[in-house]
Amino acid sequence: MKDLEKFKKYISGELEEGDLWEFKKSLEVDASLAAEFELFKSTIGSHINKKHQLMNELNDIRQRHSRGRQISISWKRISAIAAGVVILLSIGIGLIKMQHNTSYQALYDQFFIAESASFNVRSATNSLEQPVLDGMQFYELHNYDAAIEMFEKAPNNLMGKLYSGLSMMELGEFEEATIKFEAIIKHNDNLFVDQAEWYQSLCQLRIGNRSNAIESLQRIADDNGVYKTKAIKILKELNEY
Amino acid sequence: MGEEENIFSSIEILEGIKKHDREILNFVYETYFNQLADFVTKRRGTESDAWDIFQDTMGVIYDYVHQKEFNLEVPFQAFFFTVAQKLWFKHYHKSQKVSNFTNETMDLIPYESNEMLRELMRQQIMTRLSLKYMKKLSPNCLKLIKFSNMDMDTSLIAKKLNYLSNQAVYNQRRKCLRKLLNWIKQDPEYQNLTDYERP
């Protein structure tokens, strides 16, 4: 994709004649550029914020009307009462689920402590590739997107995988993070299995995948690794120990 | 259409949409949504399909009234339903819900506007798909897009989001948009667009 600044200039009519001709020609012959330009217009292009706002306003109007309609129907038709009960039950189940998710999140927040890169870097410097070192620096600077980008340049490096997973956790991409941790666990013959298992359990917990989280935490609790005590604490909180 | 239709003139409605006037938006919803839902559900669509079409129609009209050469030559109602019908056919032609695709519905609108509307419709579908998938982006990507939307200077974005250079901002923004584009490309609605319509 070309520099998006050019897209902006094109939309606002700021491209000089030569550049303008070249840009228009590129749009005609380069389908991927045309697709990216189209996407740019629908995400960053002019007045898109206001258009998104309009869509939200319309949704709000619809919700108000739908609510009004639901109330009037519920008094007219008995079947609607049954529907109401179902809705209430769903809301109830939803609330319970939400409560569970909230408590899982609270546990996650309590036990997730961002890993420092420096210790691992020192202990494994010899085996590190340059992109992983660069990635670590980005990780330390809390620039997680850039860190992931770097780690992806060394896809077989297990430490890169671990910190890629940790960066994803920081970005709230828990499902993607579990994939990284699982790869480390599956590899098995490395220094990072304990950490991978621990963080994978936390991700499962955060996603609300209780059974997977418990299974994984029990494995950690049965072991004599550094995360044993913490795993037991969480299992106790979940009434599973 | 009853008495309500005459409350606002076509120009007033368009101006109201342009300015997000709540009274006008309410009026348009109350006056036209049920008719549109009726039209869609009679053609094997659902009320949810109708709502998508309603939003898309309003999005297209919103873009249309922001065009420099904007000029309405038909009453608002005709304009609204012409766009809505075209969008309905466009969305569902490929999924076989509508068997007879026709361009006749566009004939109510002058030829030059027709061309512009086609472009706006395609853009609107992309906007809706972008909105749908933007929710999946990481918080950092969302911030990047938000700041870019605010026309924030690239060096300021770099500073705010801890990027080392402007180039890093460009690279990351490109990466975020690519991710978004890949998701959109997997969406059946995107795949339903004909090659001509697909960007």
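The structure displayed is predicted, hence computed values, not measured ones.

A.B. asks: A description of the overall build of chain B should follow, citing residues and the corresponding values.
C.D. replies: Of the regular secondary structure elements, chain B holds nine helices and zero strands. Taken from N to C terminus, the helices and strands of chain B fall in the order α-α-α-α-α-α-α-α-α. In chain B, the share of contacts with a sequence separation of at least 24, taken over all contacts with a separation of at least 6, comes to 62%. Total accessible area on chain B is roughly 9600 Å²; 48% of this is exposed by carbon and sulfur atoms.

A.B. asks: Can you break down the overall build of chain A residue by residue, with the values?
C.D. replies: Counting its secondary structure elements, chain A contains 13 helices and zero strands. For chain A, the succession of helices and strands along the chain, N to C, is α-α-α-α-α-α-α-α-α-α-α-α-α. Evaluated residue by residue, chain A yields a buried proportion of 42% over its 241 residues. By sequence separation, contacts in chain A at least 24 residues apart represent 50% of the contacts at least 6 residues apart. Summed over all atoms, the accessible surface of chain A reaches about 13700 Å², with 53% contributed by carbon and sulfur.

A.B. asks: Describe empty space enclosed by the protein, listing the residues and the values that go with them.
C.D. replies: All names here are of chain A. Evaluation of the coordinates by the stated rule reveals two cavities of 30 Å³ or more. The computed volume of the largest cavity comes to approximately 50 Å³. Taken together, Asp 194, Glu 197, Ile 220, Asp 223, Gly 225, Val 226 and Tyr 227 form the lining of the largest cavity. Of the residues in the lining of the largest cavity, the class split is three nonpolar, one polar and three charged.

A.B. asks: Mind laying out the pattern of salt bridges, listing which residues take part and the relevant values?
C.D. replies: Once the charged atoms of two side chains with opposite charge are near each other, the side chains can pair. The final tally for this structure, using the stated rule, is 11 salt bridges over all chains. A salt bridge links Asp60(A) to Arg64(A); the shortest N-O distance between them is 3.3 Å. With a gap of four residues between them, Asp60(A) and Arg64(A) both fall in helix 4 (residues 48-76), about one helical turn apart. Residue classification places Asp60(A) among the partly exposed residues on the basis of a relative accessible area of 24%. Taking the shortest distance from any N to any O, the salt bridge between Glu197(A) and Arg219(A) comes out at 3.9 Å. Taken together, the positions of Glu197(A) in helix 11 (residues 193-207) and Arg219(A) in helix 12 (residues 210-222) put the pair 22 residues apart, joining distant regions of the chain. Owing to a relative accessible area of 41%, Arg219(A) belongs among the partly exposed residues under this scheme. Overlapping salt bridges, with partners in common, bring together Asp60(A), Arg64(A) and Arg22(B) in one network.

A.B. asks: Report on the interface of chain B and chain A, specifying residues and quantitative values.
C.D. replies: Between chain B and chain A, the residue contacts involve 51 residues of the former and 43 residues of the latter. Viewed at the interface, chain A and chain B are joined by three salt bridges. Across the salt bridge formed by Arg62(A) and Glu47(B), the nearest N and O atoms sit 3.6 Å from each other. Counting residues per element, the ones that place at least two in the side of chain B that touches chain A are helix 2 (22-41), helix 3 (47-65), helix 5 (111-134), helix 6 (139-149) and helix 8 (166-186) of chain B. No other element matches helix 8 of chain B, which puts 11 residues into the side of chain B that touches chain A.

A.B. asks: Pulling in residues and values, what's your account of the packing of aromatic side chains?
C.D. replies: For the structure shown, the criterion picks out 20 aromatic pairs over all chains. Ring geometry for Phe33(B) against Trp51(B): centres 5.7 Å apart, planes inclined by 80°, an arrangement best described as edge-to-face. Residue Phe33(B) is found in helix 2, and its partner Trp51(B) is found in helix 3; the two are separated by 18 residues along the sequence. Of the two residues, Phe33(B) and Trp51(B), both sit in the buried class. Ring plane angle 80° and centroid distance 5.2 Å describe the contact between Phe80(B) and Phe81(B), whose orientation is recorded as edge-to-face. Like Phe80(B), the residue Phe81(B) is buried in the burial classification. The lysine or arginine in question, Arg206(A), covers the ring of Tyr108(A), its NZ or CZ lying 5.9 Å from the ring centre.

A.B. asks: Residue-level account of the confidence of the model for chain B, with values.
C.D. replies: All names here are of chain B. Looking at chain B, pLDDT values average 80 and 80% of them are 70 or higher. When pLDDT is averaged over each helix and strand of chain B, the minimum, 76, is found for helix 9 (residues 188-192) and the maximum, 92, for helix 2. Note on residues 1-5: pLDDT is under 50 here. Beyond four places in sequence and across chains, it has 10 contacts. Scored below 50 in pLDDT, residues 97-105 makes 20 contacts in the model with residues more than four places away or belonging to other chains.

A.B. asks: Can you lay out the environment of Ala221(A) for me, pointing to particular residues and giving the numbers?
C.D. replies: The topology assignment puts Ala221(A) in helix 12. Residues in contact with Ala221(A), not counting those within four places in the same chain, are Lys228(A), Ala231(A), Ile232(A), Leu235(A) and Tyr241(A).

A.B. asks: Give me the nonpolar core: which residues, what numbers.
C.D. replies: It is characteristic of soluble globular proteins that their nonpolar side chains tend to be buried jointly. In this structure, Ile17(B), Val28(B), Leu36(B), Phe54(B), Phe76(B), Phe79(B) and Phe80(B) are the most contacted members of the largest nonpolar core, which totals 68 residues. The biggest single contributor to this core is helix 2 of chain B, with 11 residues. Domain assignment of the residues forming this core places at least three in each of domain 1 (1-134) and domain 2 (136-199) of chain B. The residues contacting Phe54(B), other than those within four sequence positions of it, are Leu58(A), Val28(B), Tyr29(B), Phe33(B), Leu36(B) and Phe80(B). Listed in part, the 46 residues of the second largest apolar core include Leu166(A), Cys203(A), Tyr227(A) and Leu238(A).

Each value, and the rule that gives it
Residues numbered from 1 in each chain as written. Chains lettered and ligands numbered in written order. Predicted model: local features only at pLDDT ≥ 70, side-chain atom pairs only at ≥ 80, totals over all residues. Heavy atoms only, no water. Helix = DSSP H or I, 4+ residues; strand = E, 2+ residues; numbered from the N terminus. Contact = heavy atoms within 4.5 Å. Areas by Shrake-Rupley, 256 points an atom, 1.4 Å probe, with all protein chains shown as cover. Buried < 20%, exposed > 50% of the residue type's maximum accessible area, 1.4 Å probe, protein only. 1 Å grid on protein atoms, 1.4 Å probe; cavity = no way out; pocket = protein on both sides within 12 Å on 5 of 7 lines; lining within 4 Å. Points joined across faces, edges and corners; volume = space filled by probe spheres on them. Nonpolar A, V, L, I, M, F, W, Y, C, P; charged D, E, K, R; others polar. Salt bridge = Lys/Arg side-chain N within 4 Å of Asp/Glu carboxyl O. Phe/Tyr/Trp six-rings, centres within 6.5 Å; stacked < 30°, edge-to-face > 60°. Lys NZ or Arg CZ within 6 Å of the ring centre and 35° of its normal. pLDDT = per-residue confidence, 0-100. Core = buried A, V, L, I, M, F, W, Y, C linked by side-chain atoms within 4.5 Å. Domains from an automatic or database assignment.

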